[in-house]
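These are the residues of each chain, in order.
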Amino acid sequence: QQQVKQSPQSLIVQKGGISIINCAYENTAFDYFPWYQQFPGKGPALLIAIRPDVSEKKEGRFTISFNKSAKQFSLHIMDSQPGDSATYFCAALAGNNRKLIWGLGTSLAVNP
Amino acid sequence: EPEVTQTPSHQVTQMGQEVILRCVPISNHLYFYWYRQILGQKVEFLVSFYNNEISEKSEIFDDQFSVERPDGSNFTLKIRSTKLEDSAMYFCASSVDSSIQYFGAGTRLSVL
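Since this is a predicted model, take the numbers as computed values, not measurements.

K.L.:
Any chance you could break down the side chain of B:His29 for me, citing the residues and the numbers?
P.N.:
Residues and elements named next belong to chain B. Within the fold, histidine 29 resides in the loop between strand 3 (19–24) and strand 4 (31–37). At a separation of 3.3 Å, a polar atom in the side chain of histidine 29 contacts the main-chain amide nitrogen of serine 95. In this structure histidine 29 touches Ser94, Ser95, Val96 and Tyr102, once residues within four positions along its chain are discounted.

K.L.:
Report on the packing of aromatic side chains, specifying residues and quantitative values.
P.N.:
Any two aromatic rings considered together are summarised by their centre-to-centre distance and by the angle between their planes. Summed over all chains, the structure comprises 23 aromatic pairs over all chains. Ring geometry for A:Phe89 and A:Trp102: centres 5.6 Å apart, planes at 85°, overall edge-to-face. On the criterion of sequence distance, the pair formed by A:Phe89 in strand 9 (residues 86–94) and A:Trp102 in strand 10 (residues 99–102) is long-range, its members being 13 residues apart. Overall, A:Trp102 belongs to the buried group, its relative accessible area being 1%. When the ring of B:Tyr31 is compared with that of B:Tyr50, the centres are 4.4 Å apart and the planes differ by 10°; the resulting orientation is stacked. Residue B:Tyr31 is found in strand 4, and its partner B:Tyr50 is found in strand 5 (residues 43–50); the two are separated by 19 residues along the sequence.

K.L.:
Describe in detail the layout of surface pockets, supporting the description with residues and values.
P.N.:
There is about 540 Å³ of room inside the largest pocket. For the largest pocket, the lining is made up of 27 residues, of which A:Gln38, B:Gln37, B:Ile38, B:Leu39 and B:Gly40 are closest to its centre. Mapped onto the lining of the largest pocket, the elements with two or more residues apiece are strand 9 and strand 11 (106–111) of chain A together with strand 9 (88–95) and strand 11 (107–111) of chain B. Its residues assigned to classes, the lining of the largest pocket comprises 11 nonpolar, 14 polar and 2 charged. Its boundaries defined by the atoms lining it, the second largest pocket holds a volume of some 420 Å³. What lines the second largest pocket is a set of 16 residues, and nearest its centre among them are A:Pro44, A:Ala45, B:Glu1, B:Glu3 and B:Phe103. Elements represented by at least two residues in the lining of the second largest pocket include exactly strand 5 (45–50) of chain A together with strand 10 (102–103) of chain B. In the lining of the second largest pocket, the residues fall into 10 nonpolar, 3 polar and 3 charged.

Rules of the game
Numbering of residues starts from 1 in each chain and follows the order in which that chain's sequence is written. Think of it this way: whatever chain is written first is A, whatever ligand is written first is 1, and the rest follow in order. Residue-level local features of this predicted model are given only where pLDDT is at least 70; pairs of side-chain atoms are given and counted only at 80 or more, and the full residue set underlies all totals for whole chains, interfaces and linings. For the side-chain quantities, the full set of heavy atoms in the structure was used; hydrogens and water were omitted. The helix and strand labels rest on DSSP assignments: H or I over at least four residues marks a helix, E over at least two residues marks a strand, and numbering proceeds from the N terminus. Two N or O atoms count as a polar contact when they lie within 3.5 Å, although within protein this holds only if one can serve as hydrogen donor and the other as acceptor, and sequence-adjacent residues are included solely when both atoms are side-chain atoms. Two residues qualify as a contact provided that any one of their heavy atoms is within 4.5 Å of a heavy atom in the partner residue. What counts as a ring pair is set by centres within 6.5 Å for rings of Phe, Tyr and Trp (its six-membered ring), and what kind of pair is set by the plane angle: stacked under 30 degrees, edge-to-face over 60, tilted for all other angles. The buried label applies to any residue whose accessible area, calculated with a 1.4 Å probe on protein chains only, is under 20% of its type's maximum; exposed applies above 50%, and partly exposed to all values in between. Lining residues are defined by having an atom within 4 Å of a point belonging to a cavity or pocket. Those points lie on a 1 Å grid over the protein atoms alone, cavities being sets where a 1.4 Å probe fits but cannot get out and pockets being open sets with protein on both sides within 12 Å along at least five of seven lines. Grid points are joined across faces, edges and corners, and a volume is the space filled by probe spheres set on the points. For this classification, the nonpolar set comprises Ala, Val, Leu, Ile, Met, Phe, Trp, Tyr, Cys and Pro, the charged set comprises Asp, Glu, Lys and Arg, and every other residue, Gly included, is treated as polar.

Shape descriptors only; they carry no functional weight alone.
Below is the structure:
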């Protein structure tokens with residue numbers, strides 16, 4: 001119930017391509033879904049986030065698509081660049097104390 | 001830009017020793033968190049802290065762990081008697097509204 005399942009575990013994309021990472025959840029009490037980007041040796045940095053009353057949110061090349069009925073959400077990175085190579089985590093916020101429940105992460109490599 | 005600062009970046013300790021991991025959250029933030037990430041595994045919630053007390057703790061956060069905000073700026077995680085399985089990256093996070101959480105770069109704890 002408290003899990004967030006993320007796929008794929010790793011992804012290789014050519015420069016200019018679209019990177020797509022998928023996440024699914026069970027707990028309908030989750031009410032905030034952030035994506036974090038992590039570079040080696042750094043902490044996770046908030047990339048983009050969505051609430052379940054919205055089906056899509058776009059910020060620059062990054063888009064979250066949210067399907068409330070299917071309990072799924074995905075991150076799309078358009079025109080992927082080598083600088084986007086990082087680990088991406090989906091997460092969900094739960095409970096009164098707002099702890100983040102994390103997916104396992106996706107290691108993205110964008111080839112030049 | 002304000003950031004969460006963690007020290008040290010790497011801590012090596014012997015099994016059974018006490019360690020204190022330090023964090024300076026963003027100054028106007030009210031919610032504070034510790035998470036950990038064992039190598040190759042997902043990020044796990046440890047504890048949340050608000051209004052000078054623990055709001056929630058995970059089953060990982062047993063009697064060997066404690067948190068403190070001693071002086072209004074620092075937020076510390078103490079492990080009283082470290083075990084080999086405590087080896088992980090420990091991330092501190094802070095938030096002004098408990099939704100958007102900002103993370104430090106982490107402390108890598110190696111227990112020998």
